[in-house]
Amino acid sequence: MHAALALVYSGEAATAIESNADLSYTVPKEGSNLWIDSWFIPADSTHKENAEKFLDFLCREDVAMLNFDYVCYVTPNQAVVDALDEDTRNDTTIFPPDDVFANCTVYKQLGSDTTELYSYLWKTLKSD
């Protein structure tokens with residue numbers, strides 16, 4: 001018996017499983033990171049109105065559905081969730097149950113000193 005593991009985001013896992021039913025996705029019982037893709041407008045933006053229009057565009061149900069279909073990530077757009085078929089809404093790869101989130105944590109910014117140390121260590125590791 002052979003097994004292979006990969007660290008993948010849930011959207012990529014859902015897409016892979018759709019192509020190969022022998023694959024599965026799980027979050028370790030110990031937990032994992034909770035990641036969030038976010039859009040924001042910098043406070044000093046010189047095109048704030050256009051940025052707001054772009055965000056409004058992304059939040060339109062039809063556009064948000066296209067985005068969901070492309071990336072298969074959880075969507076905060078309730079209209080999109082409501083429009084999904086039952087199998088997709090119940091797919092725990094895409095929509096994990098609350099108890100999975102209970103053991104997940106958001107990575108925190110550790111400050112510039114730690115970031116510089118990580119960068120140094122990564123470069124050292126890669127150069128060996």
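Residues numbered from 1 in each chain as written. Predicted model: local features only at pLDDT ≥ 70, side-chain atom pairs only at ≥ 80, totals over all residues. Heavy atoms only, no water.

Enquirer: It is not clear to me how the overall build of the protein should be interpreted in this structure. Could you clarify?
Expert: For the protein, the count of helices and strands is seven helices and zero strands. Computed over the C-alpha atoms, the radius of gyration of the protein is 19 Å, more than 25% above the 14 Å expected from 2.2 N^0.38 for a compact globule of 128 residues. Split into buried and exposed, the 128 residues of the protein put 17% on the buried side. On the protein, roughly 10800 Å² of surface is accessible, and the fraction owed to carbon and sulfur atoms is 56%. (Helix = DSSP H or I, 4+ residues; strand = E, 2+ residues; numbered from the N terminus. Rg over C-alpha atoms; globule rule 2.2 N^0.38 Å. Buried < 20%, exposed > 50% of the residue type's maximum accessible area, 1.4 Å probe, protein only. Areas by Shrake-Rupley, 256 points an atom, 1.4 Å probe, with all protein chains shown as cover.)

Enquirer: Got a minute to help me understand helix α3 (residues 61-71) in this structure?
Expert: Residues of α3 that are buried include every one of Val63, Ala64, Met65 and Phe68, and no others. Packing partners of the buried residues in α3 comprise α2 (48-59), α4 (78-83) and α5 (86-89). Looking one or two residues past α3, cysteine 72 carries a phi angle of roughly 55°, positive in sign. (Contact = heavy atoms within 4.5 Å.)

Enquirer: What is the right way to read the pattern of salt bridges from this model?
Expert: Under the counting rule described, the total for this entry stands at three salt bridges. A salt bridge links lysine 53 to glutamate 49; its shortest N-O distance comes to 3.3 Å. Of the two residues, lysine 53 and glutamate 49 are both situated in helix α2; the distance of four residues between them amounts to about one turn of the helix. Judged by its relative accessible area of 49%, lysine 53 falls in the partly exposed class. Across the pair arginine 60 and aspartate 62 runs a salt bridge whose closest N-O atoms are separated by 2.7 Å. Residue classification places arginine 60 among the partly exposed residues on the basis of a relative accessible area of 40%. (Salt bridge = Lys/Arg side-chain N within 4 Å of Asp/Glu carboxyl O.)

Enquirer: How do you make sense of the nonpolar core when you look at a structure like this?
Expert: The nonpolar side chains of a soluble globular protein tend to be buried, and buried together. Counting 10 residues, the largest nonpolar core consists of Ala14, Ala64, Met65, Phe68, Cys72, Val80, Val81, Leu84, Ile94 and Phe95. Breaking this core down by element, the ones donating at least two residues are α3 and α4. Residue contributions to this core peak at three residues, all from α3. The contact partners of phenylalanine 68, leaving out residues within four places of it in the chain, are Tyr73, Thr75, Val80, Leu84, Thr88, Ile94 and Phe95. (Core = buried A, V, L, I, M, F, W, Y, C linked by side-chain atoms within 4.5 Å.)

Enquirer: In this structure, what is going on with a nonpolar patch on the surface? I would like to understand it.
Expert: Residues Leu110, Leu117, Tyr118, Tyr120 and Leu121 make up a contiguous nonpolar surface patch of about 560 Å² in total accessible area. By relative accessible area, which is 52% here, tyrosine 118 ends up exposed. (Patch = residues over 30% accessible without salt bridge, like charges linked within 9 Å, V, L, I, M, F, W, Y side chains within 5 Å.)

Enquirer: Teacher, can you tell me more about the packing of α2 against α3 here?
Expert: Between two packed helices, what matters for the description is the angle formed by their axes and the separation of those axes. Two numbers describe how α2 lies on α3: the axes approach to 5 Å, and their chain directions differ by 70°. The angle between the axes of α2 and α3 places the two elements in the roughly perpendicular class. Counting all contacts with α2, which are made through Phe57, Leu58 and Cys59, the residues of α3 involved are Glu61, Val63 and Ala64. Here the contact of α2 with α3 is built from residues that sort into five nonpolar, no polar and one charged. (Axes fitted to C-alpha atoms, helices over the stretch in contact; angles between N-to-C directions. Parallel < 35°, antiparallel > 145°, perpendicular 65-115°, else oblique. Nonpolar A, V, L, I, M, F, W, Y, C, P; charged D, E, K, R; others polar.)

Everything listed here is a matter of coordinates, which is why it stays silent on function.
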